[in-house]
Amino acid sequence: MVAQESNVDVLIIGAGPAGLMTANWMARAGINARIIDKRSSKIFAGQADGLECRTLEVFRSFGIDGPWNSSNHMQEVCFWEPDGKGGLYRSARIPDTVKGISRFQQCVIHQGRIESWFIESIEKTSRGKITVERGMLPVSIEIDESKISEASAYPVSVLIKKLDEDTALPDQYGGKVANGLFRAFEGDQEKYYSSVEPTETDSSFELVHAKYVVGCDGAHSWVRKQLGIEMEGESTDYVWGVLDAVPLTDFPDIRHRCAIHSADSGSIMVIPREHGVVRFYIQLQETPRDPETQTESEKSSSSASAKSSGRVDRSRITPEFILAAAQKIFYPYKIDIRDVRWYTAYQIGQRVSPTWHKQLRVFIAGDACHTHSPKAGQGMNTSMMDTFNLGWKLAHVCNGLARSDILETYEDERKKNAYDLINFDYKLSRLFSGKPAVLKDSESEQASSVGSARISLQEFRRVFEMGKAFASGCIIDYPSSLLEYKPKEIATEVVDPEGGTALVTKYISPIATNVPVGMRFDTAQVVSQSEANPHFLSDLMPSDGRWRIVYFAGDFKDNMALTDTMTDIAAYLDSKDSLIKRFTPQGAKSDSVIEIILIHASPRTAVEWTEFPQAFRPKDNYGREDFWKIYVDDESHHNGHGHAYKKYGIDPKKGALIVVRPDGYVSAVLPIGADSLAGPVAEFFNKFMIDVSTRKADPFERWDLYGSDEVVQPVLAL
Ligand code: FAD
C-alpha cells in the first residue's frame, strides 16, 4: 500500500529540453499532465547552446521569442588549418546558415535560459496547472497489459519517491566553477531504492497511474532501461573538453564560429556566445585516466595518452587543463581566459535506441533515444523536435479527437531522423577529430591517401557545408503514413537538398511545386484583407493543436470559375456533414480543431471584406466575427510584397488546398474545390480522427482548444 495515489493523463519524466517541450504541448492543449525531475534545480550554466532554424521557428510558433531576441546570432564560419610552417591560416569563410532556408539563422544561448523560457510558457499557458515537480525520483514502472486497449484507462503505474533537498541537489566536482562533470543519480535508482518498500504511512512515496508516460530522462534514461531497451552504436576514443569563458586573445576570428585544425595538437570549435563569452570545444590529446581501470604498463607510463584504454578520470580535468590543450592548438596565436562560466569533458558516443515506445503507452524521447557529439549543435534541437512531434499526437488522443494509431507515426518519423543524424555526426566528428594532412588547399584533396591517420581538410569543409541544411532541421521529410498523404503520382525525383548530385524522391504536386508533402510548410509574407497588416503565414498557424487547411483561392476577382469554387467550398463548410462539423465537438468554436485560412491573389483593394462568404469569416459563440482568416498575396504599405504564390509554386489561376498538421508539416496538397474537401481531404481525416459531432465541448478543461473568450490577433511581420 502506498500513502498517496493519483491519476494523470500524461506523466513526463525528466525536465530537460525534451520533457519541457512535451509539457509545453500539454499546456497548450489543456491536457492533465505532470512533469517530474529527480534534480532539485534546473541547470544554470553550460550544456547545449546552439539553436537551429527549425527550433527557432517552433519557438516562434509557441510565442517563445526570448531565445531569438536574447541569443548571439552566428553569421559566419571560418576554417583555420595548418599552414605547413608550424602556424595556422584561414582557409575559408562561409555563411553559418544556408541562405534563405528559414526566416531565422543559427544562434546560441545556454540551455538553462532556454529551459527558463519554457517553464515560464508552460506555467502561463496551463494557468499554473503544470509546473516542474523537482526532487521526484521514479523507482518502478509497470504496465497493466489488460488495460492498454481501453482509451479511458490508466494502464501505466509509476511509483515515485520524493527526495529530500540534499539528495536531489546535483553534485559537482571542483566546487568553484559550475561544471557538467558529474550529476547525482545518473540512472542508478535501483542502487538506492530497489530495496525500499513504501509503506502506508510514508508520505514521500506516491503511486501515479498514467494513461501515457514519456521518458525524457536523458542519455542514461532510467525509463529506457525499465523497458529493457538497449542502445545500439559505439563510442569513439576521442575525448573533448568544453569551456565557456571570456577569452583574452590575439586570434582575429574569436567572434566568429571557427573550426580550427592544428597540425599535431588536435582541433577546436569556437562558438561566440552572448555577453562576450565564447564556448570552446577542445580536443584533449592527453587525458588523466582512472588508475583502477588501467593496465599495469599504462599505470607506469608518464604520458596520459588520449588513446589509453583506462576510463577517463573526469575529476582531474580542470579548466586549466583544458586551456593548456587549447593554447597548443591556437599556437602561434595566444589565448588566455577570464570569467570561466562552465566546463566539462566528454567522450563521443554515437548511439540510437532501436525502439522508442512500449505498447504505445510508454515513450522515450530526446537523448534517451539518441546520443552523438555536440559540435553539430543537434542534441538539444533534435530532442525538442522529438517531443514537438509526439506532443500534439498525445494531446489529440487524450482529448478524444484522434485514434491512438497516430502515435505509431512518432517512432517512424523521428527514428529515421536520428539515424540520419548519427550518420552525419559520424562523418563530421571523425573528420573533426582526425589529424589533418599538413598541406595547402591545392594538395589537400589527396590527403586521405597520405597516411591512414590523416584526414582531408577539404573533405571536412565539404561535409560541414553539405551538413548545414540537414543541421538546420528544415529539410526533414516525414514518410508516407496515416498523417502524410503521399500518392505515388506525385513522387518526383529531385537533386538532394543536402548537396551533391544524387537524386532523392520528394512528393511534390504540380499544384504547389515548392510545397513538398512531408516537409515543414515554409513561411511567406501575406497581407490581412481586413487590416492591410503584413504577417508571416507561419505566425497565422501558431502551435495550438489545430489542423489548418490553407485555401489558396487564386486571383478570383472577375474569374467566374474561381468565384464559383469559393461559393461551393463555403456551402460545403456550412453543410452538416462537413469535415469541420464532424471533427469539432458541439458548442466549440468552429475553428477549434480544423481552421480554414484563405489566401487569395486578387488585388486587395479590388475586393471588399463582405464579398467573402461567411464560412471564411466565422463568428464565435458571442457573435464576434473573425477578421484574421482571410489574407492576400499583395504589396503591403511598409513591408514590400511576399510573393507567396510564387514562393509556393502555386498558379494564381488555379489555386491549391494545403493541409497542414498541428506541428506545421504538410500532410496533403490537393486541387481546390468542394469535391477535394468532401473527397480526399475528408478521407484523409477519416482514417485517424474521431467523429465528435455529438459530443459536448468542455470549455473549462480544454481552455485553449475551445474556451478562450478573448479575441486573439496574430502577430505582425516586423
Ligand atoms: P537532458 O537534457 O539530459 O534532460 C534530462 C532530464 O531528466 C534532466 O533534467 C535530468 O535531471 C532528468 N532525469 C534524468 N534521469 C531522471 C530520472 N530517472 N528521473 C527523473 N528525472 C531524471 N545540443 C544541442 O542541440 N546543441 C548544442 O550546442 C549542444 N551542446 C552540448 C554541449 C555539451 C557539453 C553537452 C553535454 C551537451 C550538448 N548538447 C547540445 C546536447 C544537449 O545538452 C542534450 O542533447 C539535450 O540536453 C538533451 O535533452 P533531453 O531533454 O533529452 O535530456
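Residues numbered from 1 in each chain as written. Predicted model: local features only at pLDDT ≥ 70, side-chain atom pairs only at ≥ 80, totals over all residues. Heavy atoms only, no water.

### Some remarks on the pattern of salt bridges
Under the definition given, this model contains 45 salt bridges. The closest approach of N and O atoms between Asp-522 and Arg-520, which form a salt bridge, is 3.6 Å. The partner of Arg-617 in a salt bridge is Glu-625, and the shortest N-O contact between them spans 2.9 Å. Through salt bridges with shared partners, a single ionic network connects Asp-544, Arg-546, Arg-548, Asp-591, Glu-595, Asp-626 and Lys-629. (Salt bridge = Lys/Arg side-chain N within 4 Å of Asp/Glu carboxyl O.)

### Notes on the sheet that holds strand S3 (residues 50-51)
One open sheet holds the 3 strands; their spatial order is S3-S7-S4, and the pairing between them is antiparallel. Each edge of the open sheet carries a strand with a single partner, namely S3 and strand S4 (72-73). Both S4 and strand S7 (residues 107-108) contribute to a ladder of 2 bridges, which runs antiparallel. Each residue of the ladder has a partner; that of Asn-72, found in S7, is Val-108. (Pairing = 2+ DSSP bridges. Helix = DSSP H or I, 4+ residues; strand = E, 2+ residues; numbered from the N terminus.)

### Side note on helix H10 (residues 379-398)
The end-to-end C-alpha distance of H10, which contains 20 residues, comes to 28 Å, matching closely the 28 Å that a straight helix rising 1.5 Å per residue would cover. For H10, the buried fraction is high: 20 of the 20 residues fall into the buried class. Among the residues trailing H10, Gly-400 stands out with phi positive, at a value near 75°. (Expected span 1.5 Å × (residues − 1). Buried < 20%, exposed > 50% of the residue type's maximum accessible area, 1.4 Å probe, protein only.)

### Some points on the confidence of the model for the protein chain
Taken over all residues, the pLDDT of the protein chain has a mean of 88, while the share at 70 or more is 88%. Note that residues 183-187 has pLDDT below 50 and, in this model, 17 contacts with residues that lie over four places away or in other chains. Low pLDDT (under 50) marks residues 700-707, which in the prediction has 30 contacts with non-local residues, meaning those over four places away or in another chain. (pLDDT = per-residue confidence, 0-100. Contact = heavy atoms within 4.5 Å.)

### Brief notes about the packing of aromatic side chains
Inspection of every chain in the model, using the stated rule, returns 34 aromatic pairs. Each ring, one from Phe-251 and one from Tyr-333, has its centre 5.3 Å from the other, and the planes form 80°; the classification is edge-to-face. Taken as a pair, Phe-251 in the loop between strand S12 (232-249) and strand S13 (257-261) and Tyr-333 in the loop between helix H9 (319-330) and strand S16 (335-352) lie far apart in primary sequence, 82 residues in all. Given a relative accessible area of 3%, Phe-251 falls into the buried group. A ring pair is formed by Phe-552 and Tyr-645, whose centres lie 5.3 Å apart and whose planes are at 85°; its orientation type is edge-to-face. One end of the pair, Phe-552, is in strand S26 (residues 547-554); the other, Tyr-645, is in helix H16 (residues 644-648), with 93 residues separating them in the sequence. (Phe/Tyr/Trp six-rings, centres within 6.5 Å; stacked < 30°, edge-to-face > 60°.)

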